[in-house]
Structure formats: structure tokens, C-alpha cells
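Observations on chain architecture
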Amino acid sequence: MKKILFYTLMLCLTSFGFASCGDDDELTDSKITYYPTLEIQGDEFTIVPIGTAYTELGCKGILQGEDCTSGIVTSADGDEVDVNRAGLYYIDYSYKNKDGYTQKVTRTVAVCDPTITENFEGNYKVQAGSNRDYDGAVTDFKGFSVKIEQAAPGIFYVSDLIGGYYDQNAGYGSQYAMTGYIQLFADNSLKLLSSSVAGWGDSADSFENGQYNPETGEISYDLAYAGIMKFHIILKM
């Protein structure tokens, strides 16, 4: 009886071994795809004073130790760089490998107005009077932190255009902050240049009433988001 059990056990183990080998053979059918290393030549964030020439320096690529620069496709997102109009422009560099997968990097070109000398970068707090209107239901909020950095004359990076509402207030984290750039004009009005919420992959619907008060240091604006929300934001250091 013991011999029968022993042989039965050995047969089961042998069958398991054959099944395992079969599984390993299936795994060997997967293949590896290789992506290039793309290196933007010059500055990734390029500053160009308004009215001066922009020189495109291009992008270089290396794939498996070989130069693949000739296969890189360069394209502008939207309009080409207009050196006579201040704002942000984006140039994409992409490479499609033999398996059909694409690698992409982007250069940001900031055409700026050097006559705008006001620099309001700093660490701000959301002030009382700020709120979110969600389809008529208004929620007041204040006290959250927003960092503003000057990227070029008259162009500023904002760490959270919706005042920390989801990042800090709701506790969702930095992926749900709406980062972006705003532009300051000679009359101290503000315009939204770009915005993005990485966590949801979307951006602001509109930006209105943007204003900077140099006497009080206060920044305020109205921002619509997600088709149903309106944020009124007041910032002050």
C-alpha cells in the first residue's frame, strides 16, 4: 500500500513539473521593445524676448547605443512660435520605434515682454473670500499654500491655480493640484497661458477677471473647471 502511494505521489510531481515547463515556454514568447533617449538641445524652457529671433536647436536621440536623431519628428503644438506675441509655445519631438511605440519630449518656448518688470513671485496663502461654486453650492475656503515663481519677465508658474482645494483641502495630494502659467500685462491684468491637473488629465475651462494689485500684493481671478465648477481665488503673501 505504501509503495502504491509513493508511486502515485511521484507521478503527480512529475506531471506538475511538465506543466510548469509548459508555462515557462509560453513566457518566452514575450518580446522586448526599446525606446530611445531623447535629449533636447538648448534649454527645455527657452526664453525669447518679444520681437527677437527664435533659433530652433532641435533634439538628439540615441537608441541602443546608435544615433537615431534623423528619425525624430519635430512638430509645434498649435501655432508656430510667434516672436511678436508674448506667451507660451510648445514644440514636440517624437520618435516611433520599430514596434510602433512612440517616445516624446517637449520644449516650452516663452516669448516674453522685457518691459514687464514687476515680479510677484513668492509663497502665497489663499485668502478669505475664496470659494468654489459647484452647480450653485458655494464652499468657502482659505489658508492653503500656493507658490508662484517667475519663469520669464511677465510669465509666472503657479503651483495650484485652484488654491489647494483638492491637493491640500481634500487631501488628494499633489497630483490633483492644478499647475500652470499666467501672464502679467502692463495694466496688471492676468491671463491664463496653460493649466493641467495630472491626476485627472484635464485643465481649466476658462480664466477671467485676473488681476494683480501692486499696492496690496493681492492676486485674484475666477476660474471655471470640469464644466460645473467655478473657483474664485484670492491670494496674498
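Here, the structure is the one placed above.
Notes on the structure in this doc start here. (Residues numbered from 1 in each chain as written. Predicted model: local features only at pLDDT ≥ 70, side-chain atom pairs only at ≥ 80, totals over all residues. Heavy atoms only, no water.)

**Structural notes on the overall build of the protein**
Looking only at helices and strands, the protein has two helices and 17 strands in total. Looking at the protein residue by residue over its 237 residues, the buried ones come to 35%. Long-range contacts, defined here as pairs at least 24 residues apart, represent 49% of the contacts in the protein between residues at least 6 apart. (Helix = DSSP H or I, 4+ residues; strand = E, 2+ residues; numbered from the N terminus. Buried < 20%, exposed > 50% of the residue type's maximum accessible area, 1.4 Å probe, protein only. Contact = heavy atoms within 4.5 Å.)

**Regarding the pattern of salt bridges**
The final tally for this structure, using the stated rule, is three salt bridges. A salt bridge links Lys-31 to Asp-99; the shortest N-O distance between them is 3.7 Å. Highlighted residues: Lys-31 in the loop between helix H1 (2–27) and strand S1 (37–40) and Asp-99 in the loop between strand S6 (87–96) and strand S7 (102–112), separated in sequence by 68 residues. Among the salt bridges present, the one from Arg-107 reaches Glu-56, with a minimum N-O distance of 3.5 Å. In this pair, Arg-107 is assigned in strand S7 and Glu-56 in the loop between strand S2 (45–49) and strand S3 (59–63), connecting sequence segments 51 residues apart. (Salt bridge = Lys/Arg side-chain N within 4 Å of Asp/Glu carboxyl O.)

**Things to note about the packing of aromatic side chains**
The full count for this structure, using the stated rule, is 16 aromatic pairs. With a centroid separation of 4.7 Å and an interplanar angle of 40°, the aromatic rings of Phe-120 and Tyr-212 are classed as tilted. Taken together, the residues span a long stretch of sequence, with Phe-120 in the loop between S7 and strand S8 (122–126) and Tyr-212 in strand S15 (residues 204–213) at a distance of 92 residues. By way of ring pairs, the aromatic residues Phe-141, Phe-144, Tyr-165, Tyr-166, Tyr-172, Tyr-176, Trp-200 and Phe-231 are connected into one cluster. (Phe/Tyr/Trp six-rings, centres within 6.5 Å; stacked < 30°, edge-to-face > 60°.)

**Topic: the pairing of strand S12 (residues 155–158)**
Two strands pair when backbone bridges link them, and strand S11 (residues 145–152) and S12 are joined in this way by four bridges, in the antiparallel orientation. Within S12, the residue paired with Glu-149 across the bridge is Tyr-157. Hairpin connection between S11 and S12: a loop of two residues separates the two successive antiparallel strands, and Gly-154 in this loop has a positive phi of roughly 80°. In this structure, S12 lies alongside strand S13 (residues 178–184), joined through four bridges in antiparallel fashion. Looking at the pairing, Ile-155 lines up with Gln-183 of S13. (Pairing = 2+ DSSP bridges.)

**Quick word on the nonpolar core**
Inside soluble globular proteins, nonpolar side chains tend to come together where they are buried. Within the largest apolar cluster, 31 residues are counted, with the highest numbers of intra-cluster contacts made by Phe-120, Ile-148, Ile-182, Ile-219, Leu-223, Phe-231 and Leu-235. Those residues in contact with Leu-223 that lie beyond four places of it in its chain are Leu-161, Ile-162, Met-178, Ala-204, Ser-206, Phe-207, Met-229, Lys-230 and Phe-231. In terms of nonpolar packing, the next biggest core, distinct from the first, is built from 14 residues, Leu-38, Ile-72, Tyr-89 and Tyr-93 among them. (Core = buried A, V, L, I, M, F, W, Y, C linked by side-chain atoms within 4.5 Å.)

**Quick look at the sheet that holds S3**
Strand order across the open sheet formed by three strands is S1-S3-S4, with antiparallel pairing between neighbours. Looking along the sheet, the strands with just one partner apiece sit at the ends: S1 and strand S4 (66–67). Pairing analysis gives two bridges linking S3 to S4, with the strands arranged antiparallel. Counted as the bridge partner of Leu-63 is Glu-66 from S4.

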